[in-house]
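Examining the three-dimensional arrangement
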Amino acid sequence: MADNSILVSTAGKSLLADSSIFDSKVPEISKENEFIGSASDADEEMPQIETRVILVQEAGRQEELIKALKEIKVPYLKMESVEEFEDSDSPEFENIFVVMDFQDAVFNDLYKADYRILGPPVVLNCAKKEEPLPYSCRPLYCASMVNLVLCFTGFRKKEELVKLVTLAHYMGGTIRKDFNSKVTHLVANCTQGEKFRAAVSLGTPIMKPEWIFKAWERRNEQDFCAAADEFRNEFKVPPFQDCMLSFLGFSDEEKANMEEMTEMQGGHYLPVGDERCTHLIVEENAIKQLPFEPSKKLYVVKQEWFWGSIQMDARAGESMYLYEKANTPELKKSVSLLSLSTPNSNRKRRRLKETLAQLARETDISPFPPRKRPSAEHSLSIGSLLDISNTPDSSSNYGETPKSCTKPSKNSTPIPPKQSARWQVAKELYQTESNYVNILETIIQLFQVPLEEEGQRGGPILAPEEIKAIFGSIPDIFDVHTKIKEDLEDLIINWDESKSIGDIFLKYSKDLVKIYPPFVNFFEMSKETIVNCEKLKPRFHAFLKINQAKPECGRQSLAELLIRPVQRLPSVALLLNDLKKHTSDDNPDKNTLERAIGSLKEVMTHINEDKRKTEAQKQIFDVVYEVDGCPANLLSSHRSLVQRVETISLGEHPCDRGEQVTLFLFNDCLEIARKRHKVIGTFKSPHGQTRPPAALKHIHLMPLSQIKKVLDIKETEDCHNAFALLVRPPTEQANVLLSFQMTSEDLPKDAWLKMLCRHVANTICKADVENLIYTADPESFEVNTKDMDSTLSRASRAIKKTSKRVTRAFSFTKTPKRAFRRTLIATQSSVEGRSPCSSSDTYIGSRLTSTSSLAGIQSPSLVSLPAFFEKRSHTLSRSTTHLI
């Protein structure tokens, strides 16, 4: 049988055509060449040949296979040996052999005889998809590598390569001798060579040989694909495989971080000077001279090679990142080529001097100086350090620049010979606005645009939702401030003292209200997203390191650049105030400036108010996540968290005595939750869970209007830091007493009780807050904190909890019999409109009440306390009667 990668000799042994898998003269057979036989005009007169499946040995005993063949309506035979088939062979059938094992003697005999051979997964897959059996010129066991085009590089042992190619063919893969754009995966045994470099440049996944072996181990799994990201990523060649790295010129913290990243990316690190080292990473800004003469085999590269390799998820080419000393012959040669040594050098020097002189004159008289390095721009203004210090200069070389940024500057426009103080402040306002727009452009073009690009090498660096969380409304802010910059530029060029600057900011005040609050309110989340992604995604960390080293960033991090929008509006308000001081009273712009400053303050107030609301909502969400079973109606736009207090229950309600209870005071309700008991046994958390399991268990969400009195329990030897709440649930006729001991050390009891009473009074619309607090003796209400922390008390509580668990475990119904009977009687009586009685008939009828009548009863955890509370003794009732 002809094969495009393996030549079969007469002895039946598979031999490689040459050291590169294929001979280029042998026609390649790809998926396009696989077809299902179709009749042509010339074959119409020939008799029809029907496809027949021969189930060999163990395959004939697989009921699943036989069922699949019946579904696709293909006739089949069972066979134990090749000789048995030769006796029943017929020219009327095109035979396809299904073999369970592609390594046994029967398979080898069929392969030598040039028969079509399939594996069971192919038959099952065709039956599942209701497709006919495929035609393949080589044995096909499964389809886990169908549509994959593989190329191999770096293999020295012929036997290993032949085995890999054979397995790839068995799984439906196609092999290419030469690497080209059609290759989907490069299987590499080394990180060098032309094929490797070409795969890196095209972003083709580079795989380890183990990828093919592991895929073959899973050949019997239905719907398995070797190209699935989750499986493939386990076997990708890491960037620093076979690399020994050393680091020179870095701080201890940076060096430790880079060494950790090296091991994460498949490499190893060695001390500087070790002979086994393959790469020396140099901090080019700190090292001017190498401490030793490197060997010819050692790559001395800049740190950009290190971070670039991690970002691309593949080893970058060293030639682009070689470190060169200041006095190297290569650098001297490049300088000599640029020197003015031509016969016309004097003329060129004079022309250069004239150009520089002209630029210097324009700098003195023009408000639009030519672009300088960032450090030179620092001296433009002292009064706006928030906007000019470390300002990155914009660059149009790394991305498409918006039209507003490509507008030519009008440098040659004359200015008034005598510059007023108002003009100086206006010029500073324009310069800071221009620098701010350049910063925003840097953020967008250097960071956001590359992260959003499709077809990134190694796949997307960040998910779209992560990019949105980091950058937010930065593009909208950039668009608005670009327009403000253009208006300021026109005003400065055509300067007149009567021109209004305030109108410019009033014009865009509504836009500022829309774009700034979303960004400022979620700025902390943006920073948190950056930190988390840096920790979890090495490629993103490398991406930030590379861009931070670029001159456009001024060696500032992304988080440092993103804080500029937070600082910009206060800075503009200060400059407008300064401008107002230098504006005469008869100038119409003075009133306009006051309105503009007011509009900016309104924007900042709106931002602060939105931020406060956002933080309040976030606190409520944190409570919902922390409390298991927390009611959904806790989430409300008018609700805010006031205080959290840690306590211990001193009574039987709302939970057992001695249990740790957390009280969440909101402006209109009180959430009561207890600490969750330890669960016996282990339970795996759901996949992808990002939050820890809830530490608290919901007990009751109580409106503050149900609190009738707040009892300040006096301090005694047996009672410390205790208080109680007298509660009247709407469905109960008697009062319920909830007693607690405070364990929070940062909040005094007096302050907590006053805070609670103030919000209760606000809820019930009462002005006399003091009347809600009642000082009581602990003996009157049977409240004490004695032995709460003793070993005996803790053991008693543990025994009580264990007893309850055992009782519930052996109970047929999780509800107590008495409570269940009471509920059924109440339900039956409410449905029939008559009072409950104690007769046996009523009880029997109540037991037969359908569960549909119980569906209308609301959960007690969402309504009130009565389902959990029982009436206190007559003594307690008498003690609390005079309080109401």
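This section reports on the structure supplied with the text. What you are looking at is a predicted structure, and each value in this text was computed from that prediction instead of being measured.

Calculation notes
Residues numbered from 1 in each chain as written. Predicted model: local features only at pLDDT ≥ 70, side-chain atom pairs only at ≥ 80, totals over all residues. Heavy atoms only, no water. Pairing = 2+ DSSP bridges. Helix = DSSP H or I, 4+ residues; strand = E, 2+ residues; numbered from the N terminus. Contact = heavy atoms within 4.5 Å. Axes fitted to C-alpha atoms, helices over the stretch in contact; angles between N-to-C directions. Salt bridge = Lys/Arg side-chain N within 4 Å of Asp/Glu carboxyl O. Buried < 20%, exposed > 50% of the residue type's maximum accessible area, 1.4 Å probe, protein only. Core = buried A, V, L, I, M, F, W, Y, C linked by side-chain atoms within 4.5 Å.

**Quick word on the sheet that holds strand E9 (residues 185-188)**
Reading across the sheet, the four strands line up as E8-E7-E9-E10 and stay open at both edges, with parallel pairing between neighbours. Strand pairing shows two members of the sheet lacking a second neighbour, strand E8 (174-175) and strand E10 (206-207), which therefore form its edges. Pairing between strand E7 (residues 149-153) and E9: four bridges, direction parallel. Opposite Thr153, over in E9, you have Ala188 as the bridge partner. Its contacts with the sheet place helix H5 (residues 158-170) against E7 and E8, and it is angled at close to 175° to E7.

**Looking at the pattern of salt bridges**
Summed over all chains, the structure comprises 23 salt bridges. Residue Asp589 is joined to Arg422 by a salt bridge in which the shortest nitrogen-to-oxygen separation is 2.8 Å. Here Asp589 is found in helix H24 (residues 589-626), whereas its partner Arg422 is found in helix H15 (residues 421-452), with 167 residues between them in sequence. Owing to a relative accessible area of 1%, Asp589 belongs among the buried residues under this scheme. For Asp585, the salt bridge goes to Lys590, with nearest N and O atoms at 2.8 Å. By relative accessible area, Asp585 is classed as exposed at 67%. Its relative accessible area of 17% is what places Lys590 among the buried residues. Three or more residues are tied together by salt bridges with common partners; here these are Arg422, Glu497 and Asp589.

**Details of the nonpolar core**
Among the nonpolar cores identified, the biggest contains 61 residues, and Ile501, Phe540 and Leu576 are the most heavily contacted of them. In terms of residue count, H15 provides more of this core than any other element does, 14 residues in total. Apart from the residues lying within four places of it in its own chain, the contact partners of Ile501 are Ala426, Leu429, Leu488, Leu491, Trp495, Leu576, Leu579, Asp589 and Leu593. Judged by nonpolar contacts, the second largest core, of 37 residues, contains Ile54, Val99, Val106 and Leu164.

**Observations concerning unusual backbone geometry**
Despite not being glycine, Gln57 shows a phi value in the positive range, around 50°. Within the secondary structure, Gln57 is located in the loop between strand E3 (50-56) and helix H1 (63-71). When its relative accessible area of 26% is taken as the criterion, Gln57 is described as partly exposed. Not every positive phi belongs to a glycine, and Asp242 is a case in point at roughly 65°. In this structure Asp242 comes out as exposed when scored by relative accessible area, which is 52%.

Any functional reading would require information that these geometric values do not contain.
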